[in-house]
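One-letter residues, chain by chain:
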Amino acid sequence: MIDLLNLTNAQMRELLAEWDEPAYRADQIDRWIYQELVADFSAMSNLPRELRARLTETARIGVPQVITETKSADGLVRKALLALSDGQTIETVLMLYPDAPGSPELEEPHAAARSFSRRTVCISTQVGCPIGCPFCATGQAGYIRNLTPGEIVAQVLHMARGAAPITNVVIMGMGEPFMKFDVTWQAIQTLVEPARFGLGARRITVSTSGEVPGIERMAREKLQVNLAISLHAPDDELRNQLVPLNRKYPLKELMRAVRGYLAQTRRRVTFEYALMDSVNDRPEQARALAQMLKGLLCHVNLIPLNPTAASPYRRTPYDRVKKFERILSDAGIPTTLRVEKGIEIAAGCGQLKQVTSRKSQVMLAAPA
Ligand code: SAH
Ligand code: SF4
């Protein structure tokens, strides 16, 4: 069975050409999948009956099965635990942001969700994550495999079906998105393609733990997707512990790649920095960070550390967060504090993980 979500529009056209179907059928199918959000081929009413039958026999729309769905008490965050076709699981989060008044009246079933002006999906790119940051639940749960482009896109499809058009996508769920750059980029292409989701590239943000070749490739891409980099430490010694990928791409190399990216794109980069009590939150560390970022077209997003089971780290108390923020702002570095969302349902940054079954434990232990 071909998962149609794994095909680019060009590949969809090739498939239909092989079947002696006109090229416009590819666009019709795309529209059904990505705009009408239909789940099966029988609903594609403008396709000839024989084509629908052939699709049913040979292809599928690989939207994952929902195992559980949880909602925060205020209803603004929804987290889905999804099962992929091989039984592996991932988590995907929808965040609704309260509206500006006067938004248009919309019809059921989406009226409730549509009254929020921003509807952001946070998607995963891997089952688990091989980077292994010690403060992150995904990193602590181990690594199983990469997702396919279709499995990445399917998470947006799933949330779009329940929550009206999605306005923003952040690739900040489970996994390091640049470990398989082509896969992540194909998913992004599907999200922006006008005949598919038609999302503006500027409404998409991809967060990397510092995979330098990915940053270099993104610098060459035309799409104006936003780049966020998980920094978390102003020196190599500390960053080696907090973000182990730093041993492969130390700060000097990372910052060289960022400067290259800025020179080529002139697009502001976001640096994420999760504040951990007495680990990376001291005033001299704030000053070192400001020094490192001085003069760059950037923005620092300070994240209150979210609790995870295995993490030895604690969150910085609020007064010291404000102090850290002040030092950066005074040094001329634009700084914001990330708003906490969905912590009580473990849907916050770094809280997502797969269900580790015995089967997946065996897979983890197996040689690569
Ligand atoms: N793997 C990518 C993207 C997913 S993580 C990356 O690391 O950039 C999204 C953000 O949440 C990253 O900045 C990550 O460092 C941060 N994060 C991880 N665990 C966290 C935790 N326990 N509390 C707060 N932020 C966390
Ligand atoms: Fe992976 Fe990002 Fe978690 Fe680090 S913070 S383990 S890179 S998902």
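As the structure is a computational prediction, the values presented were derived from the model and not from experiment.

On to the site of ligand 2, then. C129, I131, G132, C133, C136, G139, G175 and S209 make up every residue found near ligand 2. Its residues assigned to classes, the shell around ligand 2 comprises 4 nonpolar, 4 polar and no charged.

What follows is about the domain arrangement of the protein. Domain annotation for the protein reports domain 1 (2–60) and domain 2 (65–364). On a C-alpha basis, the centres of domain 1 and domain 2 stand 32 Å from each other. Between domain 1 and domain 2, the contact holds 16 residues from the first and 17 residues from the second. In total, domain 1 and domain 2 occlude about 1,300 Å² of area from one another, counting both sides; carbon and sulfur atoms represent 51% of this. If you sort the residues of domain 1 by the area they bury against domain 2, L5, Y34 and L37 come out on top, with a joint share of 45%. A salt bridge links R196 to D30, with the shortest nitrogen-to-oxygen separation between them at 2.8 Å. Across the contact surface, domain 1 and domain 2 share 10 residue pairs in polar contact (both at pLDDT 80 or more). Elements represented by at least two residues in the side of domain 1 that touches domain 2 include exactly helix 1 (9–18) and helix 2 (24–35).

Look at helix 12 (residues 318–330): 18 Å from first C-alpha to last across 13 residues, which is about the 18 Å you get at 1.5 Å a residue. Along helix 12, the residues classified as buried are V321, F324, E325, I327 and L328. Projected onto a plane normal to the axis of helix 12, the buried residues spread over an arc of 160 degrees and lie on a single side. Projecting away from the buried face of helix 12 at angles above 90 degrees are the exposed residues D319, K323, R326 and D330. On its buried face, helix 12 is in contact with strand 12 (269–275), helix 11 (283–293), strand 13 (298–304) and strand 14 (335–337).

Moving on to the site of ligand 1. Taken together, 18 residues surround ligand 1, and among them G175, S207, S230, H232 and N306 come closest. The contact in question runs from an oxygen atom of ligand 1 to an N or O atom on the side chain of E272, over 3.2 Å. In the environment of ligand 1, a nitrogen atom lies 3.4 Å from a nitrogen or oxygen atom belonging to the backbone of C349. Calculation on ligand 1 without its partners gives an accessible area of 530 Å², and the protein chains cover 96% of this total. Of all elements in the fold, only strand 10 (204–208) and strand 13 reach the threshold of two or more residues within the shell around ligand 1. Of the residues in the shell around ligand 1, the class split is 7 nonpolar, 10 polar and 1 charged.

Right, let's talk about the packing of helix 11 against helix 12 for a bit. With their axes 9 Å apart at the nearest point, helix 11 and helix 12 run at an angle of 30 degrees to one another. Taken together, the axes of helix 11 and helix 12 are roughly parallel relative to one another. Judged by the sense of rotation from one axis to the other, the crossing of helix 11 with helix 12 is right-handed. Counted together, P283, Q285, A286, R287, L289 and A290 of helix 11 and F324, I327 and L328 of helix 12 form the full contact between these two elements. A breakdown of the residues in the contact of helix 11 with helix 12 according to their chemical character gives 7 nonpolar, 1 polar and 1 charged.

Tallied over the full model, the rule gives 4 aromatic pairs. On the numbers, 5.2 Å between centres and 10 degrees between planes, the contact of F181 with W185 is stacked. One end of the pair is F181 and the other is W185, both in helix 7 (residues 181–192) and 4 residues apart, which spans about a single turn. On the basis of relative accessibility, which here comes to 6%, the residue F181 falls in the buried class. Three or more aromatic residues joined by ring pairs form one cluster here, namely F178, F181 and W185. A cation sits over an aromatic face here: K341 above Y97, 4.5 Å from the ring centre.

Take the nonpolar core next. If you look at the biggest cluster of nonpolar residues, it comprises 115 residues, and the most contacted ones within it are L4, I33, F271 and L293. The residues contacting L293, other than those within four sequence positions of it, are L231, M255, F271, C298, V300 and I333.

Our focus in this paragraph is the pairing of strand 10. For strand 10, a buried count of 5 out of 5 residues is recorded, marking the element as mostly surrounded by other parts of the structure. Residues I204, V206 and T208 line one face of strand 10 and the alternating positions T205 and S207 line the opposite face, and both faces are buried. Regarding the hand of the β-α-β motif, the stretch spanning strand 9 (residues 168–171), helix 7 and strand 10 is right-handed. Pairing of strand 10 with strand 11 (residues 226–230), which is carried by 4 bridges, proceeds in the parallel orientation. Within strand 11, the position partnered with V206 by the bridge is L227. This β-α-β element, strand 10 to helix 8 (residues 212–220) to strand 11, shows right-handed connectivity.

Thresholds applied
Residues numbered from 1 in each chain as written. Chains lettered and ligands numbered in written order. Predicted model: local features only at pLDDT ≥ 70, side-chain atom pairs only at ≥ 80, totals over all residues. Heavy atoms only, no water. Near = heavy atom within 4 Å. Nonpolar A, V, L, I, M, F, W, Y, C, P; charged D, E, K, R; others polar. Domains from an automatic or database assignment. Contact = heavy atoms within 4.5 Å. Buried area = accessible area lost by both parts, 1.4 Å probe. Salt bridge = Lys/Arg side-chain N within 4 Å of Asp/Glu carboxyl O. Polar contact = N/O pair within 3.5 Å; in protein donor to acceptor, adjacent residues only side chain to side chain. Helix = DSSP H or I, 4+ residues; strand = E, 2+ residues; numbered from the N terminus. Expected span 1.5 Å × (residues − 1). Buried < 20%, exposed > 50% of the residue type's maximum accessible area, 1.4 Å probe, protein only. Arc of directions from axis to C-beta. Areas by Shrake-Rupley, 256 points an atom, 1.4 Å probe, with all protein chains shown as cover. Axes fitted to C-alpha atoms, helices over the stretch in contact; angles between N-to-C directions. Parallel < 35°, antiparallel > 145°, perpendicular 65-115°, else oblique. Left-handed = near helix turned anticlockwise from the far one by under 90°. Phe/Tyr/Trp six-rings, centres within 6.5 Å; stacked < 30°, edge-to-face > 60°. Lys NZ or Arg CZ within 6 Å of the ring centre and 35° of its normal. Core = buried A, V, L, I, M, F, W, Y, C linked by side-chain atoms within 4.5 Å. Right-handed = clockwise from strand over helix to strand, strands pointing away. Pairing = 2+ DSSP bridges.

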